[in-house]
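Fold and geometry: a report
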Amino acid sequence: MVNVTFSHAHIMDTERYWVIRIYNDENECVMRMDSAGTDTSKVGVDVGLPAGNYYVKVNTDDYEGSYGGQYTNYSDKTYTIKVNYVATSDWETEDNDSFKNADEIALNTSCSGANQFYDDVDYYKFTLLDTGKITISFSHPEIVASGRYWMVRVYNVNTENLLSSKIYAEDTETISIDTGLPAGDYYIKINTDDYEGSYASAYANYSDETYTIKVTYTKSLKWETEVNNTYETADSVKIGTEYTAATQFTNTADYYKFTVENAGNFNITFKHDKISDTERYWVVHLYDDNTKELKSFDVVGTKTKASSGDVYLPKGTYYLRINADCYDRSYGGRSSGINYKFKIDYSFKDYKTGFTSAKNTAHNKIKLTWSELWDADGYIIYRSTSKSGDYKK
């Protein structure tokens, strides 16, 4: 990691007088800093660089506005420059501005970086050897401002966007984002606020403050695995096992596939941490193998647990679709990035039947007959030696 210290004699002017840049062997600018007249000693932003040769360019203010260079500031005062270097393996290395040039980072290890320019993009690559859950943590120093300053995205090798999170100036605590992924290679893209409204990037927020990112991995078969947003890519789940997931975007859904071997009543339970909002956050749908909807129920923010109630399912294949509130609407939307848990269970109930006859068939033997229950897997019989006595199995 390197930074540049630039010093000069005091000038009674707060305007920019010098521009300092670092270039690599391909003549790509990897760092830039300005020095105003009153900046008698200034340390530039930290930048990670791989081993190699680099060049420092110092020039007077090169303002390129509507006046061209006609009114640029200039001083012939002596300046002093120093390149500071610290050997480290936990910094990004410029120029990592594409999938191809992405820095490889180790799991469960912090890495620091900085967006050197408003349009600078940093890419990182990590590898999962097995299916599991990842948590991406992002932190930055305090910024005395408000609004969105960074965008963090995760992509697979097909450059499909699996996860996205907005980082705001006010987010001084570490922001953590969870998702489940199968084994494979993945990429993280970090860029400054890329507001795409009517002003495009003209008014996007930008900070060259150092950020720190970490990918924490936990091996697990009880997390959804992105991408599971269609019937064809549905995650296979087991009856009786609780799974965790998150709807990463308000316009996508998570699909799950399960198999019923024995017909019966089933109940789907859905849980999440309490949200101080009575509005709907999720909708849970149950479909058969022909995509016919059999059941659906809503989940609101203040209700931490919801269920489908008993649903009779014959032997066969079924699908769950869990989507954010606005999946079927063109506006609004809630639940993006919030973790939830769900479980599919057999619904067992005690059913009573009545005896229709009791006959002695031999000494100490009796034949009992009762009304059959159509969906019973078995029966439990209690007996007593007296009508008012204690009944036992």
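Residues numbered from 1 in each chain as written. Predicted model: local features only at pLDDT ≥ 70, side-chain atom pairs only at ≥ 80, totals over all residues. Heavy atoms only, no water.

Observations regarding the packing of aromatic side chains
The following threshold applies: To pair, rings of Phe, Tyr and Trp, with the six-membered ring standing in for Trp, must have centres within 6.5 Å; the planes then decide the type, stacked if under 30 degrees apart, edge-to-face if over 60, and tilted in the middle. Each residue is placed in one exposure class: buried if its accessible area under a 1.4 Å probe, protein chains only, is under 20% of its type's maximum, exposed if it is over 50%, and partly exposed if it falls in between.
According to the stated counting rule, one finds 22 aromatic pairs in the structure shown. On the numbers, 6.0 Å between centres and 45° between planes, the contact of Tyr281 with Trp282 is tilted. We classify Trp282 as buried; its relative accessible area is 0%.

Looking at the environment of His140
Rule in force here: In DSSP terms, a helix is any run of H or I states spanning at least four residues, a strand is any run of E spanning at least two, and both are numbered starting from the N terminus. Contacts: residue pairs with any heavy atoms within 4.5 Å of one another. Polar contacts here mean pairs of N or O atoms no more than 3.5 Å apart (in protein, one a potential hydrogen donor and the other a potential acceptor; neighbouring residues in sequence count only if both atoms are side-chain atoms).
Position of His140 among the secondary structure elements: in the loop between strand 10 (132–139) and strand 11 (148–156). Separated by 31 residues in sequence, His140 and Asp171 place their C-alpha atoms 8.0 Å apart. Excluding its chain neighbours within four sequence positions, the residues that come into contact with His140 are Trp150, Ile167, Tyr168, Ala169, Asp171, Thr172 and Thr210. Separated by 3.0 Å, the side chain of His140 and the backbone oxygen of Asp171 make a polar contact.

Points about the pattern of salt bridges
Two side chains that carry opposite charge are able to pair once their charged atoms sit near each other. Spelled out, the test is: A side-chain nitrogen of Lys or Arg and a carboxyl oxygen of Asp or Glu constitute a salt bridge if their distance falls within 4 Å.
Inspection of the entire model under this criterion finds six salt bridges. Here Lys219 ties to Asp130 by a salt bridge, and the two come within 3.2 Å at their closest N and O atoms. A residue pair is termed long-range when its members are at least 10 positions apart, and Lys219 in strand 15 (residues 211–219) and Asp130 in the loop between strand 9 (121–128) and strand 10 qualify at 89 residues. Residue classification places Lys219 among the exposed positions, given a relative accessible area of 60%. Using a relative accessible area of 30% as the deciding quantity, one classes Asp130 as partly exposed. Lys271 is the partner of Glu242 in a salt bridge, and the nearest nitrogen-oxygen pair spans 3.0 Å. One end of the pair, Glu242, is in strand 17 (residues 242–246); the other, Lys271, is in strand 19 (residues 264–271), and 29 residues separate them in sequence. Judged by relative accessible area, which is 31%, Glu242 ranks as partly exposed. Several salt bridges share partner residues, and in doing so they unite Arg16, Arg32 and Asp34 into one network.

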